[in-house]
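Chain and residue survey
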Amino acid sequence: MGEEQFDTPKEVEVVTFDTAFGKFGIFTCFDVLFHDPAVTLVDKCHVDTVLFPTAWMNVLPHLSAIEFHSAWALGMGVNFLASNIHNPQQRMTGSGIYAPDFPRTFHYDMKTKEGKLLLSQLESHPYRPKVNWTSYASSIDAFSVGNQEFKGTVFHDEYTFVELKGIAGNYTVCQKDLCCHLSYQMSELRSDEVYAFGAFDDLHTVEGRYHLQICTLLKCKTIDVQTCGDSVDTAATRFDMFSLSGTFGTQYVFPEVLLSEVQLAPREFQVTSDGRLLSVQPTSRPVLTVTLFGRLYHKDGATSASAHSTAHWLEGLLIVIIPLVYSLCW
C-alpha cells in the first residue's frame, strides 16, 4: 500500500478498555476491512463501542467513509465512532457517530476545508440483533431475468449485472455461490438515468486482498450500461420501495444505503432477522446505491495458507536445485 513509514507490529494487538459506560475497543483505518483485530474485538472481547481514527479515501460506490463505517456498525451490532482526517483534495472526508440501529450524526463535506465536531447520545450497551443473512434468499425461487445479464467493473472487480428496465420489478442475479434477489418500486422511470442490479462473489485483489460477496443496486454513471460501477455522487431517481437479499456464505454482512450527494438515510430502512434489507418509507433523496456488502474472512485465511504453502514449496525447490547447479559448476 506504499505506507512503509508506519510500524508494523510483529503480532496484532487487541486493545480494549473498560468504563462506567461500556467496554471500548480501538483499531485504525484499513483494519476495518479485515477480521483481526476488528471482528475479534466484537466477537471475542465483546466491546460495546469502537473508537476509529482514520485517513479514509472515499471510493464510490461501496467504500465511501460514512457509507461503509455506518454499515459496519449496523452489521456488527456496536457503536462506531469514526474520526476521519478532512482533506477533500485527496477525497478524504466523512466522520460519524454510528449506532447499530441508525447513524446518530455524520459529516461529509467535499467543498470546504473546515472540520466539524460531532456530538450525540448513544446507548452505552447497544442491542445486537441476530440476523440469518441467507434465510430469506434461500427460501424463495429465483426471479426470471432472461438473457439480460452483462459484465461491469466496480473498483477493479467484475460483477454480473442486469439493467432495471421498469419503474417496478423483481430480479435475481447470480455469480458463483451467491444469488441476489431484488424487488423495487421507483418513484418515476427517467430516460436520463440507468440503474443496475449486480452480484460479485470472488477475491478482491487491488489495494489489498480480501474475499467479498456483494449484492448491489446502483446508479450507473451515464445511460451507457458500460458505466455501471463507475464512481458517481449525484442522482435524480427516488425509490418508493426496495427489498434486497442474498444467499450469503457468511454472517458478516454490512448493509449500505447511500443517497445522492453522498448522504446517509437514517431511519429509512431496516434489516430483518431473515436477512432482508428493506425500505420502511420512500427515500428522502435520490438513490446512489443499496448494497449488502459481505466479507468471507474464512477464505482470506485459505488464500494466506495457499501462499504460505507455495512459498515453502518454492523454498524446497530452490534448496534442491541450487546445490545441484552448484555441483555441476564445479
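Numbers given to residues run from 1 along each chain, matching the order in which its sequence is written. In view of the model being predicted, local features appear only for residues whose pLDDT reaches at least 70, and side-chain atom pairs are presented and counted only at 80 or more, with totals across whole chains, interfaces and linings using the full set of residues. To get the side-chain values, all heavy atoms of the structure are used, and hydrogens and water are removed first.

1. With respect to the pairing of strand E5 (residues 95-98)
For clarity, the threshold we go by: Categorising residues by exposure relies on relative accessible area from a 1.4 Å probe, with only protein chains included: less than 20% of the type maximum marks a residue as buried, more than 50% marks it as exposed, and the intermediate range marks it as partly exposed. In DSSP terms, a helix is any run of H or I states spanning at least four residues, a strand is any run of E spanning at least two, and both are numbered starting from the N terminus. For two strands to count as paired, DSSP must find a minimum of two bridges between them.
Side chains of E5 alternate between two faces, with Ser95 and Ile97 and Gly96 and Tyr98 buried alike. Bridge count between E5 and strand E6 (residues 103-107): four bridges; the pairing is antiparallel. Residue Ser95 lies in a different strand from E6, and its bridge partner there is His107.

2. Examining the sheet that holds strand E12 (residues 210-219)
Worth spelling out the cut-off: For every element, the axis is a line fit to its C-alpha atoms; helices are fit only across the contacting stretch, and the angle between N-to-C directions ranges from 0 to 180 degrees.
One open sheet holds the six strands; their spatial order is E7-E8-E11-E12-E17-E14, and the pairing between them is antiparallel. The sheet is open, and its two edges are formed by strand E7 (150-154) and strand E14 (253-259), each paired on a single side. Between one strand axis and the next, the sheet turns by 20° as a mean value, whatever way the strands run. Both E12 and strand E17 (residues 287-295) contribute to a ladder of seven bridges, which runs antiparallel.

3. Observations regarding the nonpolar core
To keep things clear, this is the line we draw: What is meant by a nonpolar core is a set of buried Ala, Val, Leu, Ile, Met, Phe, Trp, Tyr and Cys residues, joined one to another through side-chain atoms within 4.5 Å. Each domain's limits were defined by an automated method or a database of domain assignments. By definition, residues are in contact when any of their heavy atoms lie within 4.5 Å.
Counting residues in each nonpolar core, the largest one holds 80 residues, and the members touching the most others are Phe27, Val32, Phe68, Trp72, Phe80, Leu164 and Phe197. When residues in this core are grouped by element, the largest group, eight residues, is from helix H2 (residues 65-76). Composition of this core by domain shows at least three residues from each of domain 1 (16-107) and domain 2 (149-298). Those residues in contact with Phe68, other than ones at most four positions away along the chain, are Val32, Leu33, Trp56, His62, Leu63, Phe254, Glu256 and Phe293.

4. Quick word on the domain arrangement of the protein chain
Using the following cut-off: Two parts placed together each lose some accessible area under a 1.4 Å probe, and adding up what both lose gives the buried area. A side-chain nitrogen of Lys or Arg and a carboxyl oxygen of Asp or Glu constitute a salt bridge if their distance falls within 4 Å.
Domain annotation for the protein chain reports domain 1 (16-107) and domain 2 (149-298). For domain 1 versus domain 2, the separation of C-alpha centres amounts to 21 Å. At the junction of the two partners, domain 1 supplies 25 residues and domain 2 supplies 32 residues. When the two sides are added together, the surface that domain 1 and domain 2 hide from each other amounts to roughly 2400 Å², 74% of it contributed by carbon and sulfur. Applying the counting rule to domain 1 against domain 2 returns zero salt bridges.

5. Examining the state of the cysteines
Put simply, the rule is: Working definition: a disulfide is two cysteine sulfur atoms within 2.5 Å of each other.
Evaluation of the coordinates by the stated rule reveals three disulfides. Shown here is the disulfide that connects Cys174 with Cys179, its sulfur atoms set 2.0 Å apart. Where Cys174 bonds to Cys179 through sulfur, the torsion about that S-S bond is close to 110°, and the disulfide is right-handed. The disulfide partner of Cys180 is Cys215, and the gap between their sulfur atoms is 2.0 Å. Torsion about the S-S bond of the Cys180 and Cys215 cystine: about -80°, corresponding to left-handed handedness. Residue Cys180 is found in strand E10 (residues 178-186), and its partner Cys215 is found in strand E12; the two are separated by 35 residues along the sequence. Relative accessible area serves as the criterion here: at 0%, Cys180 is assigned to the buried category. Assigning the bonded cysteines of the protein chain consecutive numbers by sequence position, one obtains the connectivity 1-2, 3-4, 5-6.

6. As for the layout of surface pockets
Selection rule: Cavities and pockets were defined on a 1 Å grid built over protein atoms only: a cavity is a set of grid points that admits a 1.4 Å probe from which the probe cannot escape, a pocket is an open set flanked by protein on both sides within 12 Å along at least five of seven lines, and lining residues are those with an atom within 4 Å of any such point. Grid points are joined across faces, edges and corners, and a volume is the space filled by probe spheres set on the points. Residue classes follow a fixed rule: Ala, Val, Leu, Ile, Met, Phe, Trp, Tyr, Cys and Pro count as nonpolar, while Asp, Glu, Lys and Arg count as charged, and any other residue, Gly among them, counts as polar.
Roughly 1300 Å³ of volume is contained in the largest pocket. Lining the largest pocket we find 31 residues, and of these Glu3, Thr28, Cys29, Phe30 and Asp31 sit closest to its centre. A domain split of the lining of the largest pocket shows at least three residues from each of domain 1 (16-107) and domain 2 (149-298). Its boundaries defined by the atoms lining it, the second largest pocket holds a volume of some 530 Å³. Residue lining of the second largest pocket: 30 residues in total, with Leu74, Pro100, Arg128, Pro129 and Val131 positioned closest to the centre. Of all the secondary structure elements, the ones that give two or more residues to the lining of the second largest pocket are H2, E6 and strand E15 (269-271). When grouped by side-chain class, the residues that make up the lining of the second largest pocket number 16 nonpolar, seven polar and seven charged. Two domains each put at least three residues into the lining of the second largest pocket: domain 1 (16-107) and domain 2 (149-298).

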